[in-house]
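# Inside the fold
If you want the building blocks of each chain, they are given just below.
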Amino acid sequence: MTVSLVGSGSAAFTAHGGRASAAKSHRAPAAGYLTLLFGRAQWTSVGGHCAQTPGALTLQDIADGLHTRGLAGTATVVLDRIAETTRLCRGVDQQASWVDLGNLQAIDG
């Protein structure tokens, strides 16, 4: 995984086998923006019969963790995988509902 933050100061972080290395330029730091984007609004990971996988976190768990760090995430929504109030299961994914996403937005931003 590679994450690059670019501005008047830039840094690149690369993870290899659980280790991270960093390289940083010597330019003056500047204000910047960071968007934590979740590729889809998956509520949690599930196994058979739509039961949550033991130890799997929910999107609410992740939002709470980000919130304690002063951060918020952004999720994309796959329109044919979301319902108004029900969390739909599809394979090993349980998708958040519109109500879930509204609650997360209202509480965590």
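Right above here is the structure, for reference.
For the structure given in this document, a descriptive report is provided here. (Residues numbered from 1 in each chain as written. Predicted model: local features only at pLDDT ≥ 70, side-chain atom pairs only at ≥ 80, totals over all residues. Heavy atoms only, no water.)

### Some remarks on the side chain of Thr44
Our working definition: In DSSP terms, a helix is any run of H or I states spanning at least four residues, a strand is any run of E spanning at least two, and both are numbered starting from the N terminus. Counting of polar contacts relies on pairs of N or O atoms within 3.5 Å, with two restrictions inside protein: one atom must be capable of donating a hydrogen and the other of accepting it, and residues adjacent in sequence are counted only when both atoms are side-chain atoms.
Examined against the element boundaries, Thr44 turns out to sit in strand E5 (residues 42-45). Among the polar contacts made by the side chain of Thr44, one reaches the side chain of Gln52 at a distance of 3.5 Å.

### Some remarks on the sheet that holds strand E8 (residues 93-95)
Our working rule: Note on pairing: DSSP must find at least two bridges between two strands before they are called paired.
The antiparallel open sheet is built from three strands, whose spatial order is E5-E8-E7. Strand pairing shows two members of the sheet lacking a second neighbour, E5 and strand E7 (89-90), which therefore form its edges.

### As for unusual backbone geometry
As a reminder, the rule being used: The buried label applies to any residue whose accessible area, calculated with a 1.4 Å probe on protein chains only, is under 20% of its type's maximum; exposed applies above 50%, and partly exposed to all values in between.
In this structure, His49 is a non-glycine residue whose phi angle is positive, near 60°. Within the secondary structure, His49 is located in the loop between E5 and helix H1 (59-68). Given a relative accessible area of 87%, His49 falls into the exposed group.

### Points about H1
We apply this condition: An arc is given here, and it is the one of the directions from the helix axis to the C-beta atoms. Should any heavy atoms of two residues lie within 4.5 Å, those residues are counted as being in contact.
Of all the residues in H1, the buried ones are Leu59, Ala63, Gly65 and Leu66. Projected onto a plane normal to the axis of H1, the buried residues spread over an arc of 160° and lie on a single side. Against strand E4 (36-38), E5, strand E6 (73-75) and helix H2 (98-108) lie the buried residues of H1. Taken from the residues just after H1, Gly70 is the one with a positive phi, measuring 75°.

### Quick look at the pattern of salt bridges
The line we're drawing: We define a salt bridge as a side-chain nitrogen of Lys or Arg found within 4 Å of a carboxyl oxygen belonging to Asp or Glu.
Taken as a whole and assessed by the stated rule, the structure comprises two salt bridges. In this structure, the salt-bridge partner of Arg40 is Asp93, at a minimum N-O distance of 3.2 Å. Placement of the pair is Arg40 in the loop between E4 and E5 and Asp93 in strand E8, with a sequence separation of 53 residues. Arg40 sits in the partly exposed class, given a relative accessible area of 33%. Of the charged contacts, one joins Arg87 and Asp100 as a salt bridge, the two residues approaching to 2.7 Å between their closest N and O atoms. A residue pair is termed long-range when its members are at least 10 positions apart, and Arg87 in the loop between E6 and E7 and Asp100 in helix H2 qualify at 13 residues.

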